[in-house]
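# Breakdown of the fold
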Amino acid sequence: DVKVTQSSRYLVKRTGEKVFLECVQDMDHENMFWYRQDPGLGLRLIYFSYDVKMKEKGDIPEGYSVSREKKERFSLILESASTNQTSMYLCASRHQQPQHFGDGTRLSIL
Amino acid sequence: GENVEQHPSTLSVQEGDSAVIKCTYSDSASNYFPWYKQELGKGPQLIIDIRSNVGEKKDQRIAVTLNKTAKHFSLHITETQPEDSAVYFCAATLNQAGTALIFGKGTTLSVSS
């Protein structure tokens, strides 16, 4: 079975902090994705990566950056956290379809 | 870019009834349409998918239909059970390297016994 692991289930940070969300997959997938999930808005794509050191902006990249130094790990970075970034963050990976998701990180910015 | 609309946002049915969730997409180039189920506290899990060269696909109580001309696809769940209660998401994409799924806003399905 594909395993996508997000390092934290819950995280509480303060405004202005630099926040790192980590995601690791164990299936040698080329493609990895970060989404945020908010009530009534569904899953919105923040960034994705189709290879090591490659990244593409999704629909809502503002305020975020990503890092993919190794194939199995894809990090989402909040450069200066703000309260409107309080959300559920979901990581996914795939080789071919389908995409496989982790269980999410619920991030609260106070 | 692709845009996916999903309806209804909430759906309540009695156990044993059928449930139908509908999605429309905007990009006629999209050729892959998965459906995900998300239970409380978990990430979305794929339940069924369909590719554009197929009009219908079934897996036990779950079926998906695709109308490419109208650019819409639907999820059908028959003989619903309480454990079907969850949030369901449809998605669409052009299935090639360097693309991502674009999701609808989700449908909260409640099955009461």
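Residues numbered from 1 in each chain as written. Chains lettered and ligands numbered in written order. Predicted model: local features only at pLDDT ≥ 70, side-chain atom pairs only at ≥ 80, totals over all residues. Heavy atoms only, no water.

The subject of this paragraph is the confidence of the model for chain A. Per-residue pLDDT for chain A has a mean of 95; in total, 100% of the residues score no lower than 70. Predicted confidence in chain A is weakest over strand E6 (residues 56-57) of chain A, with a mean pLDDT of 94, and strongest over strand E11 (residues 105-109) of chain A, with 98. (pLDDT = per-residue confidence, 0-100. Helix = DSSP H or I, 4+ residues; strand = E, 2+ residues; numbered from the N terminus.)

You'll often see interface size given as the accessible area lost when the parts meet. Taken together, the 21 residues of chain B in the interface contact 21 residues of chain A. Along the contact surface separating chain B from chain A lie 0 salt bridges. Here chain B and chain A share 9 residue pairs in polar contact (both at pLDDT 80 or more) between them. Counting only elements with at least two residues in the side of chain B that touches chain A, the list comes to strand E4 (32-38), strand E5 (45-51) and strand E10 (102-103) of chain B. (Contact = heavy atoms within 4.5 Å. Salt bridge = Lys/Arg side-chain N within 4 Å of Asp/Glu carboxyl O. Polar contact = N/O pair within 3.5 Å; in protein donor to acceptor, adjacent residues only side chain to side chain.)

A word on the sheet that holds strand E7 (residues 64-70) of chain A. All names here are of chain A. If you trace the 4 strands from one edge of the open sheet to the other, you get E1-E3-E8-E7, paired in antiparallel fashion. With one partner strand each, in any of the chains shown, strand E1 (4-6) and E7 form the two edges of the open sheet. The mean angle between the axes of side-by-side strands here comes to 20°, regardless of whether they run parallel or antiparallel. Here E7 pairs with strand E8 (residues 73-78) via 5 bridges, running antiparallel. (Pairing = 2+ DSSP bridges. Axes fitted to C-alpha atoms, helices over the stretch in contact; angles between N-to-C directions.)

Residue and element names in this part refer to chain B. The 5 strands lie next to each other as E1-E3-E8-E7-E6, forming an open sheet whose pairing is antiparallel. Lying at the two open borders of the sheet, with one neighbouring strand each, are strand E1 (4-7) and strand E6 (56-59). Strand-to-strand twist across the sheet, computed as the mean angle between neighbouring axes with direction ignored, equals 15°. For E6 and strand E7 (residues 62-67), the ladder comprises 4 bridges, and the chain directions are antiparallel.

A few words on unusual backbone geometry. A cis amide bond, omega 0°, links Gln 97 of chain A with the succeeding residue Pro 98 of chain A. Its place among the elements puts Pro 98 of chain A in the loop between strand E9 (87-94) and strand E10 (100-101). The omega torsion across His 7 of chain B and Pro 8 of chain B is -5°, close enough to zero to call that bond cis. For Pro 8 of chain B, the location among the structural elements is in the loop between E1 and strand E2 (10-14). The backbone phi angle of Asp 28 of chain A is positive, close to 60°, even though this residue is not glycine. In this fold, Asp 28 of chain A is placed in the loop between strand E3 (19-25) and strand E4 (31-38). In the Ramachandran plot, Lys 53 of chain A falls in the positive-phi region, its phi being about 65° despite a non-glycine side chain. Position of Lys 53 of chain A among the secondary structure elements: in the loop between strand E5 (42-49) and E6.

In this structure the tally under the stated criterion is 13 aromatic pairs over all chains. Consider the rings of Phe 101 of chain A and Tyr 36 of chain B, whose centres lie 5.4 Å apart with planes at 85°: the pair is edge-to-face. Of this pair, Phe 101 of chain A sits in strand E10 while Tyr 36 of chain B sits in strand E4, on two different chains. The pair Phe 101 of chain A / Tyr 36 of chain B is uniform in exposure class, with both members buried. Cluster of aromatic residues (ring-pair linked, three or more members): Phe 33, Tyr 35, Phe 48 and Phe 101 of chain A together with Tyr 36, Phe 89 and Phe 103 of chain B. (Phe/Tyr/Trp six-rings, centres within 6.5 Å; stacked < 30°, edge-to-face > 60°. Buried < 20%, exposed > 50% of the residue type's maximum accessible area, 1.4 Å probe, protein only.)

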